[in-house]
Amino acid sequence: LMNLLPLPAFTDNYIWMLHNARQAIVVDPGDATPVLQTLQAQGLQLQAILVTHHHADHVGGVDALRAATGAQVFGPARERIPEPLVRLAQGDTVEVLGLRFSVLDVPGHTAGHIAYYCPDMQGAPLLFCGDTLFSGGCGRLFEGTPAQMLASLDQLAALPGDTRVCCTHEYTLSNLRFARAVEPGNQALLHYSSHCESLRARQLPTLPSRMALERDINPFLRVRETAVAAAAQGFDARVPQQDAVAVFAALRQWKNDF
Ligand code: ZN
Ligand code: FE
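A brief structural summary.

Procedures and definitions
- Residues numbered from 1 in each chain as written.
- Chains lettered and ligands numbered in written order.
- Predicted model: local features only at pLDDT ≥ 70, side-chain atom pairs only at ≥ 80, totals over all residues.
- Heavy atoms only, no water.
- Buried < 20%, exposed > 50% of the residue type's maximum accessible area, 1.4 Å probe, protein only.
- Helix = DSSP H or I, 4+ residues; strand = E, 2+ residues; numbered from the N terminus.
- Arc of directions from axis to C-beta.
- Contact = heavy atoms within 4.5 Å.
- Donors = N, O, S within 2.8 Å, 3.2 Å for Na, K, Ca; no water.
- Tetrahedral: all angles 85-135°; square planar, octahedral: opposite > 155°, others 65-115°.

1. Focus: helix H5 (residues 172–182)
- All buried positions along H5 are accounted for by Thr 172, Asn 175, Leu 176, Phe 178, Ala 179 and Val 182. The arc that holds the buried residues of H5, viewed along the axis, is 160°, so those residues lie on one side.
- Residues of H5 that are buried make contact with strand E11 (133–134), strand E12 (137–138), helix H6 (187–201), helix H7 (211–217), helix H8 (226–235) and helix H9 (244–257).

Shown next, in the form of structure tokens:
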């Protein structure tokens with residue numbers, strides 16, 4: 001039986017851990033301490049470290065964990081990640097804990113950002129998407145263009161609806177405040193917002209999310225919806241409503257200023 005745990009780190013990061021009560025993997029360990037504490041407390045051996053992109057809050061614990069456990073490190077082909085590691089790009093697969101993950105290239109937040117998709121983790125798909133897709137939002141465009149990021153998000157949105165979406169930040173409530181400004185009439189969004197507010201009031205994670213839900217509530221996956229395109233044009237009158245990239249770029253700018 002496999003367990004999926006979000007280990008809180010820093011102020012709003014999650015380091016995702018998958019374990020089978022003996023062996024574990026972690027994704028984007030920005031800090032080694034919470035990982036080492038969990039390994040020790042539960043008597044687990046770390047087999048592998050999966051990295052999605054080069055930012056310090058995702059790789060800061062890699063060297064210490066590799067040194068302490070001997071775990072193998074996997075990461076993006078085209079980014080500066082603490083060596084040694086197995087470098088991956090679209091179409092590659094990683095087999096860990098008896099699970100097979102496909103690698104997806106999702107540039108936009110960073111130029112070489114990758115995601116890890118497992119089509120069957122105990123009956124349902126599982127996605128580790130780093131800082132590309134958040135619940136109700138998406139990552140900032142530090143190194144990519146709006147066209148690249150929209151293509152990356154479209155690729156993720158096309159995954160099966162029951163895909164569990166493991167994002168690396170607890171940004172959900174602030175993303176949903178923005179989403180409600182974009183789509184005040186979206187009933188699924190209003191319902192999900194109150195659900196997440198009650199989770200956070202009890203200090204519980206809002207993650208993992210589900211892809212079908214994100215398609216219904218996340219404005220950055222909904223740039224071809226009439227209401228979303230109209231709202232983007234309300235923010236910037238020059239945006240052509242039929243131009244998905246322009247709508248996406250306007251939404252991203254609006255969120256940056258929100
Ligand atoms: Zn990042
Ligand atoms: Fe991050």
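Next comes the rest of the description.
2. Observations concerning the side chain of Ser 152
- When you line up the elements, Ser 152 lands in helix H4 (residues 146–157).
- Not counting residues up to four positions away in its chain, the partners in contact with Ser 152 are Asp 105, Val 106, Pro 107 and Thr 132.

3. Concerning unusual backbone geometry
- Look at the link from Glu 83 to Pro 84: it is a cis peptide, with omega at 0°.
- Geometrically, the link from Leu 207 to Pro 208 is a cis peptide bond, its omega value of 0° lying close to zero.
- Backbone geometry at Asp 28 places phi at a positive 55°, although glycine is not the residue there.
- For Asp 28, the location among the structural elements is in the loop between strand E3 (23–27) and helix H1 (32–42).
- You will see that Leu 97, though not glycine, has its phi angle at about 50°, which is positive.
- The class for Leu 97 is buried, based on a relative accessible area of 16%.

4. Digging into the coordination of the iron ion (ligand 2)
- For the iron ion (ligand 2), the protein coordination sphere consists of Asp 57 (OD), His 58 (NE2), Asp 131 (OD) and His 169 (NE2), at 2.1 to 2.3 Å.
- Classification of the site at the iron ion (ligand 2) rests on its four donor atoms, whose angles at the metal span 84 to 168°, yielding the label irregular.
- Linear spacing of the donor residues for the iron ion (ligand 2) on their chain is D-H-x72-D-x37-H.
- Here the iron ion (ligand 2) and the zinc ion (ligand 1) are spaced 3.3 Å apart, linked through Asp 131, which binds each one. On the criterion of sequence distance, the pair formed by Asp 57 in helix H2 (residues 56–59) and His 169 in the loop between strand E13 (164–167) and H5 is long-range, its members being 112 residues apart.
- We classify Asp 57 as partly exposed; its relative accessible area is 22%.
- Owing to a relative accessible area of 4%, His 169 belongs among the buried residues under this scheme.

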